[in-house]
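Report on the structure
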Amino acid sequence: VDDHQPYQGNGQYVGFVTTPLTDSGGPGDSYNFNAFERLHGVEAAAALFFQIFPNVSVTIYPHSVYTLMTFPTQEPGKTRERLSLLMAPGAKLQADPMDLYKEKCGKLMDFVVNINDEDVE
């Protein structure tokens, strides 16, 4: 929690940044993917989190972006979620065959889904 810092400007959203990111042997670790081009200093080792009123969450890592949108349902107190994973255009490591890259992306998505499920519980 000490690595979480406010990242707030004007508008109907809440933003914070986690820096520095640390590799922990998980599917989102920096050595698994190339980062977006043109990242500088802090951005290359940070995750940005935005909650945009009323129903959008965006998480930006050096190599990927996750979007989570919630939608109302007919049942009071229940929502439907749509989670998307977007990889940096050059995220695939040159040495990785395409099947390994797809496997890494799948594990990353599974990790993100698990984190989201933990947050809901």
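The paragraphs below set out a description of the structure included in this document. (Residues numbered from 1 in each chain as written. Predicted model: local features only at pLDDT ≥ 70, side-chain atom pairs only at ≥ 80, totals over all residues. Heavy atoms only, no water.)

Turning our attention to the overall build of the protein chain. From N to C terminus, the protein chain includes one helix and six strands. For the protein chain, the sequential pattern of α-helices and β-strands runs β-β-β-β-β-β-α. Its C-alpha atoms give the protein chain principal-axis dimensions of roughly 50 × 30 × 25 Å. Considering only contacts in the protein chain between residues 6 or more positions apart, those separated by 24 or more positions represent 46%. Summed over all atoms, the accessible surface of the protein chain reaches about 8400 Å², with 56% contributed by carbon and sulfur. Here the protein chain contributes 8 positive and 16 negative side-chain charges, whose respective centroids are spaced 10 Å apart. (Helix = DSSP H or I, 4+ residues; strand = E, 2+ residues; numbered from the N terminus. Contact = heavy atoms within 4.5 Å. Areas by Shrake-Rupley, 256 points an atom, 1.4 Å probe, with all protein chains shown as cover. Lys, Arg positive; Asp, Glu negative; His and termini not counted. Charge placed at Lys NZ, Arg CZ, Asp CG, Glu CD.)

Turning our attention to the layout of surface pockets. The calculated volume of the largest pocket comes to roughly 960 Å³. Lining the largest pocket are 38 residues, with Phe49, Thr59, Tyr61, Tyr66 and Phe111 positioned closest to its centre. Listed by contribution, the elements that provide at least two residues to the lining of the largest pocket are strand 2 (13–18), strand 3 (47–52), strand 4 (56–60), strand 5 (64–72), strand 6 (79–87) and helix 1 (98–120). Broken down by element, the residue count for the lining of the largest pocket peaks at seven residues, all from helix 1. (1 Å grid on protein atoms, 1.4 Å probe; cavity = no way out; pocket = protein on both sides within 12 Å on 5 of 7 lines; lining within 4 Å. Points joined across faces, edges and corners; volume = space filled by probe spheres on them.)

This part covers the packing of aromatic side chains. One pass over the structure, following the stated rule, counts five aromatic pairs. Taking 6.1 Å as the distance between ring centres and 80° as the angle between the ring planes, the aromatic pair formed by Phe33 and Tyr101 counts as edge-to-face. One end of the pair, Phe33, is in the loop between strand 2 and strand 3; the other, Tyr101, is in helix 1, and 68 residues separate them in sequence. Given the relative accessible area of 3%, Phe33 is considered buried. Centroid distance Phe49 to Tyr61: 6.1 Å. Interplanar angle 85°. Geometry classified as edge-to-face. Taken together, the residues span a long stretch of sequence, with Phe49 in strand 3 and Tyr61 in the loop between strand 4 and strand 5 at a distance of twelve residues. On the basis of relative accessible area, Phe49 is assigned to the buried category, the value being 15%. Residue Tyr61 is classed as partly exposed on the basis of its relative accessible area, which comes to 22%. Joined through ring pairs, the aromatic side chains of Phe16, Phe49, Tyr61 and Tyr66 make up one cluster. (Phe/Tyr/Trp six-rings, centres within 6.5 Å; stacked < 30°, edge-to-face > 60°. Buried < 20%, exposed > 50% of the residue type's maximum accessible area, 1.4 Å probe, protein only.)

By the bridge criterion, five bridges tie strand 3 to strand 4 in an arrangement that is antiparallel. Residue pairing for strand 4: Ile52 is matched across the bridge by Val56. Between strand 3 and strand 4, which pair antiparallel and follow one another directly, the connecting turn spans three residues. Strand direction decides the pairing type here: strand 4 and strand 5, joined by five bridges, are antiparallel. Looking at strand 5, one finds that Val56 is bridged to Met69. (Pairing = 2+ DSSP bridges.)

Together, Glu81, Asp117, Glu118 and Asp119 give the surface a local cluster of negative charge. Broken down by element, the negative patch gets its largest block of residues, three residues, from helix 1. (Patch = residues over 30% accessible without salt bridge, like charges linked within 9 Å, V, L, I, M, F, W, Y side chains within 5 Å. Salt bridge = Lys/Arg side-chain N within 4 Å of Asp/Glu carboxyl O.)

With that out of the way, let us pick up unusual backbone geometry. A negative phi angle is the norm for most residues apart from glycine, just as the trans form is the norm for most peptide bonds. Omega for the peptide link from Thr19 to Pro20 comes to 0°, which places this bond in the cis form. Along the chain, the position of Pro20 falls in the loop between strand 2 and strand 3. That bond from Phe53 to Pro54 is cis: its omega, 0°, falls within 30 degrees of zero. Here Pro54 is to be found in the loop between strand 3 and strand 4.

Just geometry here; none of it tells us what the structure is for.
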